[in-house]
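Residues per chain, in single letters:
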Amino acid sequence: MSDLTIQLKWMSAESGDPCVRATAASLGVFLDETSLTRNEDIWTRTVSDEVFISAYPLAQWFASSWWRLNHEPLPTQGNQPTHEWRMAHELGAANHGFVWPRVVMASDGESMQVWATPLMTPDQSVRYLQGLPAPRSIAIERFQSSVGQFIQDTLSRLDAKELGGSNLAQLWALIQEDQADVESRRRRTLEAQLGFDAEECPADILEAALQWRSRVGEIALSEIAPAIAQSGGNPALAAIGHLATMPGIVAKPEVRFDTIGPPVAGMPWERASHAANSLRAHIGNAAARVSDRELHELLGVSRDQVQSSAPQNVREPVAVAIPDGNGRLMIVPRKRNPRGKRFELARILGEHLREDHETRWLASTDLPTSRQKYQRAFAAEFLCPFSALESYLDGDHSSPAIEDAAEHFDVGELTVQAQLANHGLIAPPQFAASMPYRMAV
């Protein structure tokens, strides 16, 4: 995990809005030793890790975006975010006439993901020179602490300048109040997951979502709500009712969440890899291909049901497994092709093994949340363990070899490529090394 540091050296300014003028500063934003504010001043031809700017617009942006920054995930790969999403997640939205570095922030539920690229906009007074070769992660608690301290430092500066009644002060006080109240915090969080700013979600939509929370569970809803919202579905989450009535695959899993021992610390994919290998050890299959029969027996599903399950023509944004309270799950899948079904069932199995879930749904989506990252990593390692894959390929990472490996382990080629990329044996997908979506020059 990286560490976020926001440095301030107060300066003087002679014009502008009083709050902006009072918080003029030499500002540096660092991820570990990397300065995201390293810039060239076009007028003076000087390069510095800090930029002369005002702290107030940035603090105001952090505060106004607080709930969405901390709880609204990145859209699925290949999908352009909405204008409203970008305003809440791109640092440049702080605006106020200043030139800001090109930085995107999005939470995965456990950590804040940060992307950054240089910004060489013509005719601007500042050129930002440094970006990140790949996204970095900041523990969400550390992110909140660093940003909260920056906002508090800005408010203290305003107090010292006798500007204590600012809009920022009022907004930050409301955020602190909502965070201190459990139910208010849940409402603000759910609004953000549905794609709304604080207190801007229509009351009927929010109340409908809150009713679903009591039925599907808070953890599942935190995955389902943004998946439906970002897919363009009814924000009142009517799709959940559709899922609840769809025919599915009746499962009675052979293994429980405590079968493979306690979880380990680490990143989602590290925990998932440990769990997948522990399950393989439990069934006595360390490296061989997992057959459909083995997978079906672990989940307690019938081969005929799996083969006959056919999602409707409209592609749902989420697959779910609904517990009946008697140890059974009703799995409502999304995938149609055999390998896609295998991977989806393995993801459900991984989610089932994470924790006791007798009263909540299990949800599988395409969003890059930490829970979905865990599921994908579990399924990849369980169906195509890296050690066995490495042995099978014997150093050959060509396209034909990857195709053969996918056939051997009965997984998609993307799963093989992801396993190799995650272990540094091939280059990661292009999107992982730049911005998470296409941005205008």
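Everything in this summary refers to the structure shown in the same document.

**Remarks on empty space enclosed by the protein**
Under the definition given, this model contains one cavity of 30 Å³ or more. Taken together, Ile-249, Val-306, Ser-309, Pro-333, Lys-341, Glu-344 and Leu-345 make up the lining of the largest cavity. Here the lining of the largest cavity gets three residues from one element, more than from any other, and that element is helix 14 (residues 338-352). Taken together, the residues of the lining of the largest cavity break down into four nonpolar, one polar and two charged.

**Quick word on the sheet that holds strand 4 (residues 39-41)**
Read across the open sheet, the three strands follow the order 5-4-9; overall the sheet is antiparallel. The strands lining the two open edges of the sheet, one partner per strand, are strand 5 (46-48) and strand 9 (126-128). In this sheet, neighbouring strand axes are inclined to one another by 25° on average, regardless of whether the strands run parallel or antiparallel. Judged from the three bridges that link them, strand 4 and strand 5 form a sheet pairing that is antiparallel. Among the inter-strand pairings, Asn-39 is bridged to a residue of strand 5, identified as Ser-48.

**Focus: the layout of surface pockets**
Of the pockets and cavities examined, the second largest pocket occupies roughly 600 Å³. The set of elements that each furnish at least two residues to the lining of the second largest pocket consists of helix 3 (66-71), helix 5 (140-160), helix 7 (182-193), helix 9 (218-230) and helix 15 (370-383). For the lining of the second largest pocket, the element with the most residues is helix 9, which contributes six residues. Residue classes in the lining of the second largest pocket are distributed as six nonpolar, ten polar and ten charged.

**Things to note about the packing of aromatic side chains**
Throughout the structure, instances matching the rule amount to eight aromatic pairs. Aromatic pair Phe-62 and Phe-150: ring centres 6.2 Å apart, planes at 80°, arrangement edge-to-face. Of this pair, Phe-62 sits in helix 2 (residues 55-64) while Phe-150 is found in helix 5, placing the two residues 88 residues apart along the sequence. For Phe-150, a relative accessible area of 1% corresponds to the buried category. Relative to Phe-382, the ring of Phe-378 has its centre 5.8 Å away and its plane inclined at 15°; by these criteria the two rings are stacked.

Conventions and cut-offs
- Numbers given for residues are sequential positions, taken from 1 along each chain in its written order.
- The predicted nature of this model means local features are confined to residues of pLDDT at least 70 and side-chain atom pairs, given and counted, to a pLDDT of 80 or more, with totals for whole chains, interfaces and linings taken over all residues.
- Excluded from the side-chain calculation are hydrogens and water; included are all heavy atoms of the structure.
- In the cavity and pocket records, a cavity denotes points on a 1 Å grid over the protein atoms alone where a 1.4 Å probe fits but cannot get out, a pocket denotes an open set with protein on both sides within 12 Å along at least 5 of 7 lines, and lining residues are residues with an atom within 4 Å of a point.
- Grid points are joined across faces, edges and corners, and a volume is the space filled by probe spheres set on the points.
- Under the scheme used here, helices are H or I runs from DSSP no shorter than 4 residues and strands are E runs no shorter than 2 residues, and both carry numbers assigned from the N terminus.
- Asp, Glu, Lys and Arg are counted as charged, while Ala, Val, Leu, Ile, Met, Phe, Trp, Tyr, Cys and Pro are counted as nonpolar; the rest, among them Gly, fall into the polar class.
- Should DSSP find at least two bridges between two strands, the strands are taken to pair.
- Axes, fitted as lines to C-alpha atoms, cover a helix only where it is in contact. Angles between the N-to-C directions of the axes lie from 0 to 180 degrees.
- When the centres of two rings from Phe, Tyr and Trp lie within 6.5 Å, Trp using its six-membered ring, the rings pair. Their planes under 30 degrees apart give stacked, over 60 give edge-to-face, and anything left gives tilted.
- Burial classes: relative accessible area under 20% of the type maximum marks a residue as buried, over 50% as exposed, and values in between as partly exposed (1.4 Å probe, protein chains only).

Such coordinate-based values are descriptive only and should not be taken to indicate function.
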